[in-house]
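Letter by letter, the chains look like this.
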Amino acid sequence: MKGFAGTLEYLYGLEKFGTVFGLENIEWILNLLDNPERHLKTVHIAGTNGKGSVASILSRMLREEGYKVGKYTSPHLLSFTERISIDEVEITEEEVAAIAHVIREKIRHNDENRFFTFFDFTTALAFQYFHENETDISVIETGLGGRLDSTNVIRPLVSVITNVEYDHMDYLGGEIPDIAKEKAGIVKEGVPVVTGAEGIAREVIEETARRMGSPFYALGRDFSFERKGDRRMSYTGLSKNMEDVFVNLRGDHQLANSAVALCAGECLTLPGFPVSETSMREGLRHVEWQGRLEQVMEKPIVLLDGAHNPHGMRALKEYIGSRFRDRRKILVFGVMKDKDYEGMLNEILPLFDVLIMTKPRIERALSPRYLQDYAPGAVITESVEDGLKEARNAAKDDDIIVITGSIYTIGEAKAIIGENF
């Protein structure tokens, strides 16, 4: 099978190898391509929550400054092409197919029995695309962890670690110091490190930076923000102080993400990518990031949020609780088997009047019947489409429907709502 459809079939077929940590396979593929990553100027972003938001904020600010900016994030909501963009324009299906064909042919001629993961291949594809299109700078988000993540073959201009919370414990370790150590694996010798992490996690990252001789900047100590209203803040940075900054993303947690992105932007001056205050402000004013407290309807209000761990649910709870206190609230929740769904539900269930448990179309998804003990009285549906029908039937115009639990859940929901809801 040829073309984009055939490429996707091949890529998703690689998912049978699951998550395989290590850099040997990605390095092997990149060597076949004459190492495009070595020609890229990059910012590398790891963390438990907020990676995509910081990547989008920073890339938008850099774009406002006039740089040609690549961005690599994951997962996607509606289309694979969302993962790879230049100046916020997604890679085309034809470009995905063409570059994938080149990579597959090189693999076939060298060792067609070699196995590698979906993320190994797509990371190599992104680096090759950015190199071919001669980006000035590219913002690269890790997939999972940091130290052994496929993206960790780059030497960035700045390393960013947004925060460290409990997530992916089967892969990263069961305690916060273990998780922080894995994420701190993106720190490179002499490369500035910016973090929003707190407590013991910050200590682990700072110790790694000290050992690597890397300048280290922590939110709340070296730079800070102050909330000035809904989506408004002031910023006190390394050299910039900015008042009355508007952030075009909902939720107070996005103010913290914005401060992290601003500090990273400041750190880019020394390696030759200065970003003016005007570009920073305009970047924050115009930034968009799908599926993060994204409102897609008004009557009733429908919010999509990709929260997929207790920390993300806490931010969602604070946003809903502070802004929609008097509205009747309907929850549509679908989650992956490997997530802390009990902790997630414990955070948000008390807010909601109607509970609907559902399941996106992916093998990793948890059957909603397993959630009955944690969500007594919930309506159980076996598909996102059925979950949305139940929510729509239960909702009045002045209610709010919140769809959350997984990027996969909100991705399916967004597609359905876009067609007919």
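Further up the page is the structure itself.
Keep in mind that this is a model prediction, so the values were computed, not measured.

Definitions and cut-offs
Residues numbered from 1 in each chain as written. Predicted model: local features only at pLDDT ≥ 70, side-chain atom pairs only at ≥ 80, totals over all residues. Heavy atoms only, no water. Helix = DSSP H or I, 4+ residues; strand = E, 2+ residues; numbered from the N terminus. Polar contact = N/O pair within 3.5 Å; in protein donor to acceptor, adjacent residues only side chain to side chain. Axes fitted to C-alpha atoms, helices over the stretch in contact; angles between N-to-C directions. Parallel < 35°, antiparallel > 145°, perpendicular 65-115°, else oblique. Left-handed = near helix turned anticlockwise from the far one by under 90°. Contact = heavy atoms within 4.5 Å. Expected span 1.5 Å × (residues − 1). Buried < 20%, exposed > 50% of the residue type's maximum accessible area, 1.4 Å probe, protein only. Pairing = 2+ DSSP bridges. 1 Å grid on protein atoms, 1.4 Å probe; cavity = no way out; pocket = protein on both sides within 12 Å on 5 of 7 lines; lining within 4 Å. Points joined across faces, edges and corners; volume = space filled by probe spheres on them. Nonpolar A, V, L, I, M, F, W, Y, C, P; charged D, E, K, R; others polar. Salt bridge = Lys/Arg side-chain N within 4 Å of Asp/Glu carboxyl O.

Engineer: It is not clear to me how the environment of E382 should be interpreted in this structure. Could you clarify?
Structural biologist: When you line up the elements, E382 lands in the loop between β16 (379-380) and α13 (384-394). Sequence separation between E382 and P271 is 111 residues, and the spatial gap between their C-alpha atoms is 52 Å. Side-chain polar atoms of E382 contact the side chain of R369, separated by 3.2 Å.

Engineer: Help me out: how do you make sense of the packing of helix α3 (residues 51-64) against helix α10 (residues 277-286) in this one?
Structural biologist: Each pair of packed helices can be summarised by the angle the axes make with each other and by the distance between the axes. Axis separation between α3 and α10 bottoms out at 8 Å; the angle between their running directions is 130°. Our classification of the angle between α3 and α10 gives oblique. α3 and α10 meet at a crossing whose hand is right-handed. In this structure, α3 contributes I57, R60, M61 and E64 to the contact, and α10 contributes S279, M280, E282, G283, L284 and H286.

Engineer: Explain helix α5 (residues 118-132) to me, please; I cannot follow it from the model alone.
Structural biologist: An α-helical turn contains 3.6 residues, so any two residues separated by three or four positions project in the same direction. For α5, spanning 15 residues, the distance from its first C-alpha to its last is 21 Å, which sits close to the expected 21 Å at 1.5 Å a residue. With 13 of 15 residues buried, α5 lies mostly within the body of the structure. After α5 finishes, the residue E134 shows a positive phi value of roughly 55°.

Engineer: Would you explain the sheet that holds strand β3 (residues 84-86) in this entry?
Structural biologist: Either a parallel or an antiparallel arrangement is found when strands of a sheet pair, and the pairing is made through backbone hydrogen bonds. If you trace the eight strands from one edge of the open sheet to the other, you get β4-β3-β2-β5-β1-β6-β7-β8, paired in mixed fashion. Edge positions in the open sheet fall to β4 (89-90) and β8 (216-218), since each of these has one partner strand only. Relative to β8, strand β7 (residues 193-195) runs parallel, the two sharing three bridges. Counterpart to V193 in the pairing with β8 is F216. Those strands touched by helix α9 (residues 253-267) are β6 (158-161), β7 and β8, and its axis lies near 165° from that of β7.

Engineer: How should the layout of surface pockets be read in this particular structure?
Structural biologist: Over the atoms rolls a probe the size of a water molecule, and its path tells where empty space is left. Approximately 580 Å³ is the volume attributed to the second largest pocket. Around the second largest pocket sit 29 residues that line it, and S56, V287, E288, W289 and Q290 are the ones nearest its centre. Of all the secondary-structure elements, those providing two or more residues to the lining of the second largest pocket are α3, β12 (294-298) and α14 (407-419). Ranked by residues supplied to the lining of the second largest pocket, first place goes to α3 with three residues. Within the lining of the second largest pocket, the residues separate by chemical class into seven nonpolar, nine polar and 13 charged.

Engineer: Would you take a moment to explain the pattern of salt bridges for this structure?
Structural biologist: Close approach of charged atoms allows side chains with opposite charge to pair. Within the structure shown, the criterion is met by 23 salt bridges. Between R60 and E64 there is a salt bridge, with its nearest N and O atoms 3.2 Å apart. You can see R60 and its partner E64 sitting in helix α3, four residues apart, about one turn around the helix. With a relative accessible area of 30%, E64 lands in the partly exposed category. We note a salt bridge from K71 to E88, for which the minimum N-O separation is 3.4 Å. Taken together, the residues span a long stretch of sequence, with K71 in strand β2 (residues 69-72) and E88 in the loop between β3 and β4 at a distance of 17 residues. Judged by its relative accessible area of 5%, K71 falls in the buried class.

Engineer: Just checking my understanding: could you explain the pairing of strand β5 (residues 137-141) for this structure?
Structural biologist: A regular strand places its side chains on the two faces of the sheet in alternate fashion. With five of five residues buried, β5 is to be regarded as a mostly interior element. Because side chains alternate across β5, one face comprises the buried residues I137, V139 and E141, and the other comprises S138 and I140, equally buried. Examined bridge by bridge, strand β1 (residues 42-46) and β5 share four bridges and lie parallel to one another. Looking at the pairing, H44 lines up with I140 of β5.

Engineer: Sorry if this is basic, but what is going on with helix α11 (residues 310-323) here?
Structural biologist: Taking 1.5 Å as the rise per residue, α11 with 14 residues should run 20 Å; its terminal C-alpha atoms sit 20 Å apart, in good agreement. The set of residues buried in α11 consists of P310, G312, M313, A315, L316, Y319, I320 and G321. On its buried face, α11 is in contact with α9, β13 (301-304), β14 (329-333), α12 (341-348) and β17 (400-404).

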